[in-house]
Amino acid sequence: METTKSHIALLASPGMGHLIPVLELAKHLVSHQSFKVTVFVVATDHASLANTHLLQSPADSGDLLDIVLLPFIDVSDIGGPSVSFIATIVTTVLRSMPFLRSEISKMEFRPTALVVDLFGTDALEIADEYNMLKFVFIASNAWFLAVMLCTPEIDRKEIDEHVKNRKPLHIPGCKPIKFEHNLDVFFMDTYDPFYQGYVEAINKMSLTDGILVNTWDELEPTTLKALRETKKVPIYPIGPLVRPIEKSVFGNEILAWLNKQPKQSVIYVSFGSGGTLSAQQVKELAWGLELSQQRFVWVLRPPTENDAAGTFLALGNGSDATLDYLPDGFPARTQDRGLLVPMWAPQVEVLSHPSIGGFLTHCGWNSTMESIVNGVPMIAWPLYAEQKMNASMLTEDIGASIRVMAVESDAAVGREEIRSVVRKILVDRQGRNIRSRIKELKDNAANALAKGGSSYNSMSQVANICIQHLKTKASGS
């Protein structure tokens, strides 16, 4: 490797929702900037990850992209099944730091910059040790970033009013957060170690050379303007970064089934890599799809109780073909217009198919970006993390989705509501209006990434900072 070529190291924390956008950023740095890139992967499930194609460098990356799987970390001592997936991620990443330091110390030509996500801010100390630039990559939107950066500055009395009296929480220059769109962190005591760790991570982010965020100027102009005016840390919107279509899956049976369906006639139902529903909710969703009389592709997972993120840390293409948790006779009654897919589907390829007319989604930001890039209107069904904020933005601000609503806040979404929203998005006028809006967003996103577009220029700024830093180090100044 030439010493004149910028070398960027990226750290991916556990979970497909974290790994995939980091890998896409890495590919972008290789293909658009011709940088050398090393991705360090922290995972809780090595066996399943090894069975996927994710750790294989693209053929067109040459020797510019290396993917390094850090050693397995045992976190079984932190508790049993009741431990949150967030606690598991935080502990796993923290215990991986010695391995990351060791890998970087062994490199003949060390990285020019280190890019981490929200869970990897402890690694920024390693960047300081080796005189590397420090960046944070937020694989979500600018509104979520603004809330995070403002958390340490918000008066605790305001947060208490928000939590106890359900008043909107005001974020400088941005849309307030309604109580029903709340983040779990606001319910934590200030003495809770995880709350303190969260604030510490935000403070570290604020002292970096910049924050990359998977959005673009034209999607969130007001929020990005507020961030740039109120925060000292530079903000670089570089999205939408999504996985490209892979020709290798074109023989997939799901796509073969879609090829037989009319244009924009199918609703795609998936709750991402981590989302799960209760047994009652799975049954209501099945009845709702059947009552809608519309075509569907449904990616199913076995139900779990009281854990909407039940499979977040599970990787790979596992299957559960029994489907005995569905209503009696459901597969047979819907076989002429529905396709049931256990566990996993090639989502980007499905969303890009012309027969797809809508996406019932948990509103994870990766899924949201994939839907917009492919021009597919959404039905918003948020489950955990910042997904309720995402759903609010998509429905109320951007106009790219409609929202499912339960009769009561803690109740299951009923079959009649599901029937109604599916028909609205596929058949009714409201769906046509959203479809028209999302086509605008699709073109808007493509323009942002094109040469001279806002995200293209933002990424170029980051690249130039890295190149200049390398020159400065080479000159010894």
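Residues numbered from 1 in each chain as written. Predicted model: local features only at pLDDT ≥ 70, side-chain atom pairs only at ≥ 80, totals over all residues. Heavy atoms only, no water.

Going by what an unreviewed UniProt entry lists, the chain is known as Glycosyltransferase and is assigned to Gossypium mustelinum.

Looking only at helices and strands, the chain has 17 helices and 13 strands in total. Relative to its full complement of 477 residues, the chain shows a buried share of 55%. Contacts in the chain between residues at least 24 apart in sequence constitute 72% of all its contacts with a sequence separation of at least 6. (Helix = DSSP H or I, 4+ residues; strand = E, 2+ residues; numbered from the N terminus. Buried < 20%, exposed > 50% of the residue type's maximum accessible area, 1.4 Å probe, protein only. Contact = heavy atoms within 4.5 Å.)

Before going further, it helps to spend a moment on the side chain of Ser 270. The residue Ser 270 is located in strand β8 (residues 266–270) in this model. Accessibility expressed as a relative area gives 4% for Ser 270, which makes it buried. Apart from residues lying up to four places away in sequence, Ser 270 is in contact with Val 299, Gln 347, Phe 359, Leu 360, Thr 361 and His 362.

Quick look at empty space enclosed by the protein now. Empty space among the atoms becomes apparent when a probe as large as a water molecule is rolled across them. Taken as a whole and assessed by the stated rule, the structure comprises 5 cavities of 30 Å³ or more. What the largest cavity holds in volume is close to 90 Å³. In terms of lining, the largest cavity is formed by Phe 271, Gly 275, Thr 276, Leu 277, Val 282, Leu 285, Trp 298, Val 299, Leu 300, Arg 301, Pro 302 and Pro 303. The greatest single-element share of the lining of the largest cavity, amounting to 3 residues, is contributed by strand β9 (residues 295–300). Residue classes in the lining of the largest cavity are distributed as 9 nonpolar, 2 polar and 1 charged. Counted as a void, the second largest cavity has a volume near 60 Å³. (1 Å grid on protein atoms, 1.4 Å probe; cavity = no way out; pocket = protein on both sides within 12 Å on 5 of 7 lines; lining within 4 Å. Points joined across faces, edges and corners; volume = space filled by probe spheres on them. Nonpolar A, V, L, I, M, F, W, Y, C, P; charged D, E, K, R; others polar.)

What follows is about the pattern of salt bridges. Here the structure, examined in full by the defined rule, presents 23 salt bridges. Of the charged contacts in the structure, one is a salt bridge between Asp 77 and Arg 95, with a shortest N-O distance of 2.9 Å. Taken together, the positions of Asp 77 in the loop between β3 (65–69) and α3 (85–105) and Arg 95 in helix α3 put the pair 18 residues apart, joining distant regions of the chain. You can call Asp 77 exposed: its relative accessible area is 55%. Among the residues examined, Arg 95 registers a relative accessible area of 32% and is labelled partly exposed. Glu 416 is paired through a salt bridge with Arg 419; the nearest N and O atoms lie 3.0 Å apart. Within this pair, Glu 416 and its partner Arg 419 are both found in helix α15 (residues 415–426), separated by 3 residues, close to a single helical turn. The partly exposed category is assigned to Glu 416, whose relative accessible area is 46%. Given the relative accessible area of 27%, Arg 419 is considered partly exposed. Several salt bridges converge on common partners, so that one network encompasses Lys 175, Lys 178, Glu 396 and Asp 397. (Salt bridge = Lys/Arg side-chain N within 4 Å of Asp/Glu carboxyl O.)

On to the sheet that holds strand β6 (residues 210–213). Read across the open sheet, the 7 strands follow the order β3-β2-β1-β4-β5-β6-β7; overall the sheet is parallel. Either end of the sheet is taken by a strand with one partner, and the two such strands are β3 and β7 (235–237). Ignoring which end each strand starts from, the neighbouring axes of this sheet average 20° apart. With 3 bridges connecting them, strand β1 (residues 7–12) and strand β4 (residues 113–116) associate as parallel partners. (Pairing = 2+ DSSP bridges. Axes fitted to C-alpha atoms, helices over the stretch in contact; angles between N-to-C directions.)

Pairing in this open sheet of 6 strands is parallel, and the strands run β10-β9-β8-β11-β12-β13 from one edge to the other. Sheet topology places β10 (338–342) and β13 (401–403) at the edges, where each strand pairs with a single neighbour. Taking each pair of neighbouring strands and ignoring which way they run, the sheet shows an average axis angle of 20°. Relative to β9, β8 runs parallel, the two being bridged by 4 bridges. Paired with Val 266 across the bridge in β9 is Arg 295. The sheet contacts of helix α10 (residues 279–292) involve β8, β9 and β11 (356–361), and relative to β9 the element is tilted by about 165°.

With that settled, consider the packing of helix α5 (residues 142–150) against helix α14 (residues 387–398). The N-to-C vectors of α5 and α14 enclose an angle of 130°; their axes lie 10 Å apart at closest approach. Relative to α14, α5 is oriented oblique. Once α5 is placed against α14, the crossing between them reads as right-handed. Only Met 389, Ser 392 and Met 393 of α14 make contact with α5, whose side of the interface consists of Trp 143, Phe 144 and Val 147. When grouped by side-chain class, the residues that make up the contact of α5 with α14 number 5 nonpolar, 1 polar and no charged. (Parallel < 35°, antiparallel > 145°, perpendicular 65-115°, else oblique. Left-handed = near helix turned anticlockwise from the far one by under 90°.)

Here we come to helix α17 (residues 454–475). Between its first and last C-alpha, α17 extends 32 Å over 22 residues, near the 32 Å set by a 1.5 Å rise per residue. Listed in full, the buried residues belonging to α17 are Ser 454, Ser 455, Ser 458, Met 459, Ser 460, Val 462, Ala 463, Cys 466, His 469 and Leu 470. Two residues or fewer past α17, Gly 476 is found with a positive phi of approximately 80°. (Expected span 1.5 Å × (residues − 1).)

A word on the environment of Arg 110. Among the secondary structure elements, Arg 110 is positioned in the loop between α3 and β4. On a C-alpha basis, the gap between Arg 110 and Ser 6 in space is 9.6 Å, while along the polypeptide they are 104 residues apart. Not counting the four nearest positions on each side in its chain, Arg 110 is found in contact with His 7, Ile 104, Ser 105 and Tyr 130. Engagement of the side chain of Arg 110 in a polar contact is seen with the backbone oxygen of Ile 104, the distance being 3.3 Å. Within polar-contact distance, the side chain of Arg 110 engages the backbone oxygen of Ser 105 at 3.0 Å. (Polar contact = N/O pair within 3.5 Å; in protein donor to acceptor, adjacent residues only side chain to side chain.)

So, on to unusual backbone geometry. In this structure, Pro 240 follows Gly 239 across a cis peptide bond, with omega equal to 0°. Assignment of secondary structure puts Pro 240 in the loop between β7 and α9 (253–258). For Arg 166, which is not glycine, the phi dihedral falls at a positive 60°. Relative to the assigned elements, Arg 166 resides in the loop between α6 (156–164) and α7 (193–205). In this structure Arg 166 comes out as exposed when scored by relative accessible area, which is 58%. Although it is not a glycine, Cys 363 sits at a positive phi angle of roughly 70°. Among the residues examined, Cys 363 registers a relative accessible area of 0% and is labelled buried.

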